[in-house]
Amino acid sequence: MASLMWFRKGLRIHDNPALEYASKPTNFLYPVFVIDPNYMEPDPNAFSPGSNRSGLNRIQFLLESLADLDLNLKRLGSRLLVLKGEPSQVIIRCLNQWGIKKICFEYDTEPYYQALDIKVKDYASTAGIEVFSPVSHTLFNPADIIQKNGGKPPMTYQSFVKLAGQPPSPLSLTLSSLPPLGDVGGCEISDVPTIKQLGYGDIQQDEFSPFRGGESEALKRLKESIKNKEWVAAFEKPKGDPSAFLKPETTILSPYLKFGCLSSRYFYQCLQDIYINVKRHTLPPVSLVGQLLWRDFFYTVAFGTPNFDRMTGNRICKQIPWNDNDELLVAWRDARTGYPWIDAIMVQLRKWGWMHHLARHSVACFLTRGDLFVHWEKGRDVFERLLIDSDWATNNGNWLWLSCSSFFYQYNRIYSPISFGKKYDPNGDYIRHFLPILKDMPKEYIYEPWTAPLSVQTKAKCIIGRDYPNPVVPHDSASKECRRKMAEAYALNHKLNSTVSEEDLKRIKQKDPEDPKQEVKAKRMRSKLIH
């Protein structure tokens, strides 16, 4: 009897129920990963090095994770078989050619994988092949939570936590060996490729992410993160310094959870073991366990909400008349807004594929409801491409939240692109590192260099408007206008019970922003910036 273990996410040996089931009882085990051209093939037309779906940093992280998985499989007497092509077609060919009687793969809630899995399951059913697809990427099965809630996903974190209860424990079994490989016949098998072998040889990227992929690195980082029990017990999001880049004030385990190099159930158990042995600790939603529950919350809502990744046709999303200004989008994306705090974050994103959660909040608010009023879907696409931890459910969920399109509705609370960063880093060291053109700007002007006298700019070797851009919008008036538009859109959503049409949104766009009646409404809605 032969089994096939199809790796997609879940790139680990520990707490991997699909791998454990695939390995018993069977004579031969085929561990397979399929390189999907849709995800990995170079796209010369993309705005950054990478494929049409992903930036180079995330592709590199995935390859490192696969190489580590291959190494760990070899220690157990096996290896990773790497194939290339449309995944469902490749897997069906393997099932047929290798005489597979059992296929195992981790359940995935993403629409893309759901579509692939239907094709593979349908073929397996017809061919009499057993399918085992357990939930192990999240703490809970999103379908179970939705069923408990009467067929609809819970729309608040608190209601989700109440329904969820305690997650199942990770597998206690540690695999000591795996069944041998069978004959692969005429299938074209390769080792884990390098970036160069994928066709990225001539693409230049001046800096790669400092975070290496793989289960070994994930477990090492987890051990390092939780050895300071006091830090774990006192962890409180959203606190933390978004400008700390030499030693970030967070675990940076999100990319390892994204690729399943680290089991969320194992992480949860490690945290609970610490909580038992300390006098006091923070609680959800702000604790580290709370962050794992947030992740599951977004997975559950995403799984139970049609069109979760867009505004149109999404029943939980406010319909808002975002502008179509691609110049503003590109200025934000390419770190040319003229606001050093925002631009430094976007440079870190492009170079490292990661930034602190409060930094993400700052740039997402700035792009959408804070200053530029650009559609959250466009910002989501940039994050989806560049983040090494980009995850379909949490990325869309966070953009819905930060744009005040869903979950969070206090749109008059805005992250200032000037004072918010200054609170953590008054000297501007973060800006100086990621925007070296401003490294000699005095700290009095580092967050607002356009206010520096020309003599100061000259001495700092940075003339604003020539060496570094002027602000793309004046923050005070832009944020005021954003609040006015949000107030009007919210009023319309309320009036029409969220059945807002494209024509309704067009009418809001065409209204005169200087209309005195609108100004009165905006004044009523105005509140202090977050300082």
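Structural notes, computed from the coordinates. What you are looking at is a predicted structure, and each value in this text was computed from that prediction instead of being measured.

### A closer look at unusual backbone geometry
Move 1: Looking along the chain, the bond that leaves Pro284 and enters Pro285 is cis, with omega of 10 degrees.
Move 2: By the element assignment, Pro285 lies in the loop between helix H12 (264-276) and helix H13 (288-303).
Move 3: Of note, Cys404 is a non-glycine position whose phi angle comes to about 60 degrees, a positive value.
Move 4: Position of Cys404 relative to the elements: it lies in the loop between helix H18 (392-402) and helix H19 (419-424).
Move 5: Exposure remark for Cys404: the relative accessible area of 0% places this residue in the buried category.
Move 6: Backbone geometry places Phe407, a non-glycine residue, at a positive phi of 70 degrees.
Move 7: Locating Phe407 in the fold gives a position in the loop between H18 and H19.

### As for the environment of Asp343
Move 1: By the secondary structure assignment, Asp343 is in helix H15 (residues 340-352).
Move 2: As for Asp343 and Trp332, which are separated by eleven residues in sequence, their C-alpha atoms are 7.2 Å apart.
Move 3: In this view, Asp343 contacts Ala335, Arg336, Thr337, Gly338, Leu435 and Tyr468; residues no more than four positions away in its chain are not counted.

### Focus on the side chain of Ser405
Move 1: Mapping Ser405 onto the fold places it in the loop between H18 and H19.
Move 2: What makes Ser405 buried here is its relative accessible area of 0%.
Move 3: Excluding residues that lie within four positions of it along the chain, Ser405 makes contacts with Ile316, Cys317, Lys318, Ile320, Trp322, Trp376 and Leu400.

### Concerning the packing of aromatic side chains
Move 1: Applying the stated rule across the entire model yields 38 aromatic pairs.
Move 2: With centroids separated by 5.4 Å and ring planes inclined at 75 degrees, the aromatic side chains of Phe420 and Tyr424 adopt a geometry described as edge-to-face. Linking Phe420 with Tyr424, this pair stays in helix H19, spanning four residues, or about one helical turn.
Move 3: A relative accessible area of 3% means that Phe420 is categorised as buried.
Move 4: On the basis of relative accessible area, Tyr424 is assigned to the partly exposed category, the value being 26%.

Calculation criteria
- Residues numbered from 1 in each chain as written.
- Predicted model: local features only at pLDDT ≥ 70, side-chain atom pairs only at ≥ 80, totals over all residues.
- Heavy atoms only, no water.
- Helix = DSSP H or I, 4+ residues; strand = E, 2+ residues; numbered from the N terminus.
- Buried < 20%, exposed > 50% of the residue type's maximum accessible area, 1.4 Å probe, protein only.
- Contact = heavy atoms within 4.5 Å.
- Phe/Tyr/Trp six-rings, centres within 6.5 Å; stacked < 30°, edge-to-face > 60°.

Purely spatial values, then, with no claim about function.
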